[in-house]
Amino acid sequence: MIKVCKFGGTSMATAESINSVANIIASDKDRRFVVVSAAGKRFKSDEKITDILYACHKEAAEIGVCKSFVKVKDRYDTLKKELGLSIDLEPIYNEIEYRITKETLPDYAASRGEYLSALLIAEKLNYEFIDAETIIKFSDDGTFDAEYTNDIASMLLKDKNNAVIPGFYGAMPNGQIRVFSRGGSDVSGAIVARAVNADVYENWTDVNGFMMADPRIVENPKNIKTLSYKELRELAYMGANVLHPESIFPLKAAGIPINIKNTFEPDNKGTMIMPKTNGNGSEVITGIAGTKGFTAIFIEKSMMNNELGFCRKLLSCIEQLGINIEHMPTGIDTTSVVIHDAELEGKLDILLERIEDAVHPDNIEVFKNLALVATVGHGMSYKAGTAGRLFSALAKSKVNIRMIDQGSSELNIIIGVECADYERAIKAIYEEFVK
Ligand code: ASP
C-alpha cells in the first residue's frame, strides 16, 4: 500500500508541529511520499513564509536587495535548531538571495519556502529529498504539462522507497521555476499521488476536513464524512477552501481517494473524498458553500424562445469582451447571465450597449451585490421535496431569492441572493436540513 501525504503551512510552522508530522509518518509505514508547504503562520498576526518571499522579490526588483529575507532565515534557522538538525543552510540561503535579485518573475522567490521546508523534513524523517523541479513540468507558455509530468514523475519515483518533495512549484523547459496558484502544494501532492499510483492521498491540514457550512456563519457545523469528487468540485469552486480546487484533476483518472486529515488531531477520521458516493451518510445534503460579489444581467424579450440564434448573439457579446460567465438561468421570454464582479470591471456599460445592439431586448436590468449559495449533495436527488424544503426555509427567514439554478446533475441547487441576505440564507438552509 502507498500513501502520499501532503502537509500544509500550519503543519510546517513550528518545531512542535513538525514533530507531530514526524510522528504521523512514523506511525504508518505506508506513508512513503511526503509533500510539504512553506512554513505558515504560528499565530494570527504572524506572516506566512510565502508572503515574505513574494515581498523579497518585490524589494529586489525595486531597490536591488531583499531586506525581508532575514525573516525567512530566522524562521528556518529556528526550526533547524529546535529540531536538532545538522543541514548547512548558509550556502543555500546565499544562493537563494542571489537568485532572487536576478529573476524577473516572482515564481523562483515564492517557491523557496517549500524548498527549505522539504530539506528540513527530509533530514528529520531520514527520507530522500527530491526537488520538485525534476518531476513537475510546465510548458513554455507557463501552463502545467500534466502528461509529461506524470511520465517523468512516475519514472523517477518508481524505484524510490520514500521521498520528500517540495510542493507548489515545478520547472519550465528552460529550467525556470514556475509556481501553481496560491495553495498549490495540494495540487503537487495530487500529482505525486497519481505518479506513484497511491492507494490514498492524505492531505494533512489544521481542520478535521470539510464542514457542512462555513463555521464563521454557522456555529459548530457538522463535519462532512464522505464527499464525491463532483461534490468536492462544487463546494470548492463555490468557496469551501480546505483543498485547492484543481487537486482533483490528477487523481480523477486513477480514482485515487483523498483523505483530509488534521495534523493536530490525527485520530479524527476527517473527510474522505471518493470518486463516487451515495451522499453524506444519512444526511440529505452534503454541504453548503457560497461566495459574494456577483452581478446578474436580466434580459427580457417577447418570443425570445422562437428567435433562432438569440443565445449565441448574447453570449458572443460577452465573449468578445473576454468576460467569463458563471450561470445562465433561462425562462421562456427571459434569460439572465450571472457574472463575477471582477470579470465585469470597467466593462459593464459597453457590454450593455453591445447586448442592446445585438439582440434588441424589450428590457434589460442589472442586479448588483449578488451572492451565490450552493446547496450540494447527491442525496438530494434521492429525496423528493428537497427543493421545496429549501425554498420554504428561505422564505421563512425572509430571504429574497433573485435567481435559481438547479444543476442538470441534480447535485446542486444554486440560488442568488442579495449580499445582505447571504449569511441568513446559509443559516436557514443549514437549520432546515442538518439540525
Ligand atoms: N505556500 C504556498 C502558499 O502559501 C503554497 C501552499 O502552501 O500550498 O500559497
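Above this note sits the structure.
Keep in mind that this is a model prediction, so the values were computed, not measured. (Residues numbered from 1 in each chain as written. Predicted model: local features only at pLDDT ≥ 70, side-chain atom pairs only at ≥ 80, totals over all residues. Heavy atoms only, no water.)

A. Representation of the environment of N324 in the model. Assignment of secondary structure puts N324 in the loop between α11 (310-320) and β11 (334-340). With 25 residues separating them in the primary sequence, N324 and D349 have C-alpha atoms 16 Å apart. Contacts of N324, omitting those with residues within four sequence positions, involve I339 and E343. (Helix = DSSP H or I, 4+ residues; strand = E, 2+ residues; numbered from the N terminus. Contact = heavy atoms within 4.5 Å.)

B. Quick peek at the sheet that holds strand β10 (residues 287-300). Taking strand neighbours across the sheet as the criterion, the five strands line up as β11-β10-β12-β14-β13 in an open arrangement whose pairing is antiparallel. Each edge of the open sheet carries a strand with a single partner, namely β11 and β13 (401-406). The mean angle between the axes of side-by-side strands here comes to 35°, regardless of whether they run parallel or antiparallel. Against the sheet, helix α15 (residues 386-396) engages β12 (363-376), β13 and β14 (412-418), with an angle of about 15° to β14. (Pairing = 2+ DSSP bridges. Axes fitted to C-alpha atoms, helices over the stretch in contact; angles between N-to-C directions.)

C. Focus on the pattern of salt bridges. Going through the model one piece at a time under the given rule, you end up with 24 salt bridges. Salt bridges linked by common partners bring K3, D28, R31 and E202 together as one network. (Salt bridge = Lys/Arg side-chain N within 4 Å of Asp/Glu carboxyl O.)

D. Examining the site of the ligand more closely. Taken together, S37, T50, E114, F168, R182, G183, G184 and S185 form the complete shell of residues around the ligand. E114 places a side-chain nitrogen or oxygen 2.7 Å from a nitrogen atom of the ligand. Take G183: an N or O atom from its main chain is 2.8 Å from an oxygen atom of the ligand. Look at the ligand: alone it shows 260 Å² of surface, and the protein chains cover 92% of it. Counted by class, the shell around the ligand contains one nonpolar, five polar and two charged residues. (Near = heavy atom within 4 Å. Polar contact = N/O pair within 3.5 Å; in protein donor to acceptor, adjacent residues only side chain to side chain. Areas by Shrake-Rupley, 256 points an atom, 1.4 Å probe, with all protein chains shown as cover. Nonpolar A, V, L, I, M, F, W, Y, C, P; charged D, E, K, R; others polar.)

E. Region of interest: the side chain of K261. The topology assignment puts K261 in strand β8 (residues 258-262). Buried and unpaired, K261 has no salt bridge, with E202 as the nearest side chain of opposite charge at 5.9 Å. Within polar-contact distance, the side chain of K261 engages the backbone oxygen of P266 at 3.0 Å. For K261, the contacting residues outside a window of four places in its chain are N203, W204, T205, V207, P266, N268 and K269. (Buried < 20%, exposed > 50% of the residue type's maximum accessible area, 1.4 Å probe, protein only. Lys, Arg positive; Asp, Glu negative; His and termini not counted.)

F. Highlighting the environment of S336. The residue S336 is located in strand β11 in this model. Each C-alpha atom, one on S336 and one on V399, is 20 Å from the other, the two residues being 63 residues apart in sequence. Those residues in contact with S336 that lie beyond four places of it in its chain are I297, F298, H327, M328 and P329. Engagement of the side chain of S336 in a polar contact is seen with the backbone oxygen of P329, the distance being 3.0 Å.

G. Spotlight on a positive patch on the surface. The grouping of K230, R233, K252 and K276 at the surface amounts to a positive patch. Mapped onto the elements of the fold, K252 is located in helix α10 (residues 248-252). With a relative accessible area of 46%, K252 lands in the partly exposed category. (Patch = residues over 30% accessible without salt bridge, like charges linked within 9 Å, V, L, I, M, F, W, Y side chains within 5 Å. Charge placed at Lys NZ, Arg CZ, Asp CG, Glu CD.)

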